[in-house]
Amino acid sequence: MTTLEKTEAESLQAVSPRVVYLNEYKKPDYQLDSVELRFELDETCTRVYSRLIFRRAPEADAQAPLKLDGSHLELRSLKLNGETLKPDSYMLDDEQLLIQNLPKNFELEVGTHINPQANTALEGLYLSSGMFCTQCEAEGFRRITYFPDRPDVMSRYSVTVVADKQKYPVLLSNGNKQDAGELDDGRHWVRWQDPSLKPSYLFALVAGDLASREDSFTTMSGRKVSLQLFTEAENIHKCEHALMSLKQAMKWDEDTYGREYDLDVYMIVAVNDFNMGAMENKGLNVFNASCVLASSETATDQDYYRIQSIIAHEYFHNWSGNRVTCRDWFQLSLKEGFTVFRDQTFSADLNSPAVQRIDDVNVLRAHQFSEDAGPMAHPVRPDHYIEISNFYTVTVYNKGAEVVRMLCNILGREGFRKGTDLYFSRHDGQAVTTDDFVKAMEDANTVDLNQFRNWYSQAGTPELVINENYNADARLYSLTIRQHCPPTPGQVEKKPYHIPLAMGLIGINGKALSSILENTKANTAKPEHMLALTKPEQHWTFSGVDEKPVLSLGRGFTAPVKILLPYDNEALAFLFAHDPDEFNRWDAGQKLAINIMLKLIDDYHTGKDLRLEASFIEAYRLTLNNKDLDKALVAQALSLPSESYLADQCEIVDVDAIHKVREFIRQQLAESLADDWLRVYEENDVNATYHFSAQDMAQRSLKNLCLSYLLEQDNGKHRQRCLSQFQNSDNMTDVLAALSIFNQHDMAERQQALDAFYDKWQHDRQVVEKWFSIQAGSSLAGALKRVQTLMRHPVFSIKNPNLVRSLIGRFCAANPVNFHLSDGSGYRYLADQVLALDGLNPQIAARLLQSLSRWRRFDTMRQILMREQLERIAGHPGLSKDVYEIASRSLEG
Ligand code: 0A1
Ligand code: ZN
């Protein structure tokens, strides 16, 4: 049987897969001087011809064999310097082609056949809604042809794409279009030449019947770049926002980092089937349609916001990732952490910095902190993996961004820019390490960042214990901070971190107190200081402090740590009202809410009557009525911490108690502030034309928060308000907000609205994804049954990652009361889906499975039920590496 005939499931792993270690890294023995590729596209049998010019590395052994990666390929021809290689001069298995006895310089020609239609894993070359597209990061290129598929082999590519002209009128690849022509059998061809050096993971090819929108951008040196967005014709009206965002990103990178775009054309293609959000292939980004297409009727503010940031993210990779790339996949955060930091700063600059910071910290706390505390915990630079696809994580991306942000905080914006300038110029065209990045920061600023490097090598979230003392007679305030990082799998003892902490002191009337930080060079009184915590325990003294202060520590979240403040609810309420730092004001509100919720969970367990403190309601009332605050900040301040973040704060997670307590508080706030919610709702319910602007978004978010509290009251008028907003709004933000609110309430309007929404939008796959997702997230009883019914809906397909994420993913990861049903039915359902998906798309299967990984956090009964399903999966024959790694780590960890 040839590889082409094998199904995906049959060719998956059988035995314990190999672990790859960082400390086993070896430079490649052969470098590639040039790559010529020719694709003859065919749905089930695409022919790929490559001509590769190799050169042995000077330090390599003369006997070194050439190792080419390859999987799911059928080798058809193999020539060395024009001569066909005899079968006994090479070795071939399911993963590799090994060639021995090679001269110093040589040319290799390889012919392979591949089957894009059978490629449900969506790695390599595959079909999506009738178009060909590729996804090569991290190790997808090896599914196209035999190749040194590692990022430290960079080369120049020339690519010819041949396909039927009628079916595939648009043929794209990286770089600049060089030539095109027609064959006399109805096919045509286009040749692309990419002048830049690139690794194979940045290769891309797209072929299809696509419409396009064009724009242009003139770079800082005066070059005109053509910008093109390709999509199915029916979505061509949804391209404006992405093109606008792209121009904003190009300008911002010139202004902020001095980085200019380098090719004549920048292309983006929207595809319907994609494992992730988007991909930064050189000059030819491929985007998940849901992360690029938008119109005000079909996309929410959040979608607009996300598109702006993902467009920027992929664009920024052109420098942080493409021109300077990763030496190996352990260095993934070199490009991802840095690029996320760049896109977060971009979004902050274009919108509201405080709102952006709060959103980013919410993601970090809700997802990264819990990853760091579970069996999948790994450093920002992991040191081993089985399947690299499992390491596209919140730790590598978001904690990685926090690490870069700390460098910026330590060095200051100017020092940081000096560092990035040196990094880009020193390493342009190279494949480097996170250590090279830190070294550039050190060299440009003549500082020693040796201790800082622990952030890259150690997993876990450090915890800070605070002690303070005030001496009124001496006007001295002293602060002691102890740092401790809990053990993580494989790392019991941790070295102390270098932690930058912005802090200030606040007087009793809410005014910032200036003080002098003793024993530092700058001996002047300041309202804010940046502390550098480097020891396990450290002590600071501040002089000239006129009254007993309240401490505001970690302002703007200057480090990804947990700060255990010794403050009671009264002090937190004070900070919630008065901290001049917007982030810390919000954070004090969250900490206050958590204290109250944890206490109520205790009361619930001991059978006490639940009662919400009047001071908490009052704090909410004051915030809701504070006209000086940005409305988006008000909305964020009045959003209770999520159930999952709350779960992280509990010793044993009781999903029902958490849900009940959170609902109880919402109910109390809804009733006690009934008039305020209504007034603020009405004040902000202005029926203006939709604009994507920070101000309008803020207004909509506050209005919709109010509406959600209004619907907590049993009041027909409020239901009518919600219905009218649902029926009459012309923008998806308001429509979806109303629908989501109904969706959490057991009332007749719920099903009516869901049905009406589907009727109206069934032709638009992006909106239908929302419809699935909303229902999967409903905390009403019976959600699992409804999700199972929706899986049989004619539109649902388990082969489409967006639909899987919307329905199955949302249910398992964001519907705790239903997923964790005490009979274990949610767990069984998840395991069934993971096993069904593993044969089709292992990456997506492995991601889903993560919802079971934190089983040790639950009560004994649930632990047994979750473990049972993990064992069932782990014992399944023929598991993919992806799922095997998550299942086995979850069971060990
Ligand atoms: N580099 C992309 C993320 C990405 C990673 C893997 C993919 O396929 C398996 C696709 C995209 C980014 O950071 O945007
Ligand atoms: Zn990225």
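Check the entry above for the structure.
Residues numbered from 1 in each chain as written. Chains lettered and ligands numbered in written order. Predicted model: local features only at pLDDT ≥ 70, side-chain atom pairs only at ≥ 80, totals over all residues. Heavy atoms only, no water.

**Considering the site of ligand 1**
Here is step 1 of the chain: Around ligand 1 sit 14 residues in total, of which Glu 137, Glu 280, Glu 314, Glu 336 and Tyr 397 are the nearest.
Here is step 2 of the chain: Within the side chain of Glu 314, one N or O atom sits 2.6 Å away from an oxygen atom of ligand 1.
Here is step 3 of the chain: Put simply, the parts of the chain that give the shell around ligand 1 at least two residues each are strand 20 (278-279), helix 2 (301-316) and helix 3 (332-350).
Here is step 4 of the chain: Residues of the shell around ligand 1, tallied by class, amount to five nonpolar, four polar and five charged. (Near = heavy atom within 4 Å. Polar contact = N/O pair within 3.5 Å; in protein donor to acceptor, adjacent residues only side chain to side chain. Helix = DSSP H or I, 4+ residues; strand = E, 2+ residues; numbered from the N terminus. Nonpolar A, V, L, I, M, F, W, Y, C, P; charged D, E, K, R; others polar.)

**Structural notes on the sheet that holds strand 16 (residues 205-208)**
Here is step 1 of the chain: Strand order in this open sheet of four strands is 10-11-16-13, and the pairing throughout is antiparallel. What marks the edges here is a single partner per strand, and that holds for strand 10 (124-128) and strand 13 (170-173). Direction aside, the axes of adjacent strands within the sheet are offset by 20° on average.
Here is step 2 of the chain: By the bridge criterion, two bridges tie strand 11 (residues 131-135) to strand 16 in an arrangement that is antiparallel. For Cys 133, the partnering residue across the bridge sits in strand 16 and is Val 206. (Pairing = 2+ DSSP bridges. Axes fitted to C-alpha atoms, helices over the stretch in contact; angles between N-to-C directions.)

**Quick look at the packing of aromatic side chains**
Here is step 1 of the chain: Scanning the model with the defined rule gives 45 aromatic pairs in all.
Here is step 2 of the chain: On the numbers, 6.1 Å between centres and 65° between planes, the contact of Tyr 315 with Phe 316 is edge-to-face.
Here is step 3 of the chain: Where Tyr 477 meets Phe 542, the ring centres are 5.9 Å apart and the plane angle is 45°; that geometry is what we call tilted. Placement of the pair is Tyr 477 in strand 26 (residues 476-484) and Phe 542 in strand 31 (residues 537-543), with a sequence separation of 65 residues.
Here is step 4 of the chain: Positioned above the aromatic ring of Tyr 157, the side-chain terminus of Lys 198 is 4.1 Å from the ring centre.
Here is step 5 of the chain: Here the guanidinium or amino end of Arg 342 rests over the ring plane of Tyr 257, the centre of that ring lying 4.6 Å away. (Phe/Tyr/Trp six-rings, centres within 6.5 Å; stacked < 30°, edge-to-face > 60°. Lys NZ or Arg CZ within 6 Å of the ring centre and 35° of its normal.)

**Describing the side chain of Asp 676**
Here is step 1 of the chain: One can find Asp 676 in helix 14 (residues 674-684).
Here is step 2 of the chain: Given the relative accessible area of 11%, Asp 676 is considered buried. (Buried < 20%, exposed > 50% of the residue type's maximum accessible area, 1.4 Å probe, protein only.)

**Side note on the coordination of the zinc ion (ligand 2)**
Here is step 1 of the chain: Looking at the zinc ion (ligand 2), the protein donor atoms are His 313 (NE2), His 317 (NE2) and Glu 336 (OE), and they sit 1.9 to 2.1 Å from it.
Here is step 2 of the chain: In this structure, the zinc ion (ligand 2) is coordinated by four donor atoms arranged in tetrahedral fashion, with angles at the metal of 98 to 130°. (Donors = N, O, S within 2.8 Å, 3.2 Å for Na, K, Ca; no water. Tetrahedral: all angles 85-135°; square planar, octahedral: opposite > 155°, others 65-115°.)

**Here we look at the pattern of salt bridges**
Here is step 1 of the chain: The full count for this structure, using the stated rule, is 62 salt bridges.
Here is step 2 of the chain: Residue Lys 335 pairs with Glu 280 through a salt bridge whose shortest N-O separation is 2.7 Å. Placement of the pair is Lys 335 in helix 3 and Glu 280 in the loop between strand 20 and strand 21 (284-288), with a sequence separation of 55 residues.
Here is step 3 of the chain: Of the residues examined, Glu 280 reaches a relative accessible area of 2% and is grouped as buried.
Here is step 4 of the chain: In this structure, Arg 405 engages Glu 402 in a salt bridge whose closest nitrogen and oxygen atoms are separated by 4.0 Å. Taken together, the residues Arg 405 and Glu 402, both in helix 5 (residues 394-427) and three residues apart, mark about one turn of the helix.
Here is step 5 of the chain: Taking the relative accessible area as the measure of exposure, Arg 405 reaches 16% and is therefore buried.
Here is step 6 of the chain: Residue Glu 402 is classed as buried on the basis of its relative accessible area, which comes to 2%.
Here is step 7 of the chain: Taken together, the salt bridges that share partners define one network made up of Arg 38, Glu 40, Asp 185 and Arg 187. (Salt bridge = Lys/Arg side-chain N within 4 Å of Asp/Glu carboxyl O.)

**Describing empty space enclosed by the protein**
Here is step 1 of the chain: Applying the stated criterion to the full structure yields two cavities of 30 Å³ or more.
Here is step 2 of the chain: Reported here for the second largest cavity is a volume of approximately 40 Å³.
Here is step 3 of the chain: Along the walls of the second largest cavity sit Ser 333, Leu 334, Phe 338, Gly 400, Val 404, Phe 437 and Tyr 456, which together make up its complete lining.
Here is step 4 of the chain: Residue assignment for the lining of the second largest cavity shows that the elements contributing at least two residues are helix 3 and helix 5.
Here is step 5 of the chain: The leading source of residues in the lining of the second largest cavity is helix 3, at three residues.
Here is step 6 of the chain: Partitioning the lining of the second largest cavity into residue classes produces five nonpolar, two polar and no charged. (1 Å grid on protein atoms, 1.4 Å probe; cavity = no way out; pocket = protein on both sides within 12 Å on 5 of 7 lines; lining within 4 Å. Points joined across faces, edges and corners; volume = space filled by probe spheres on them.)

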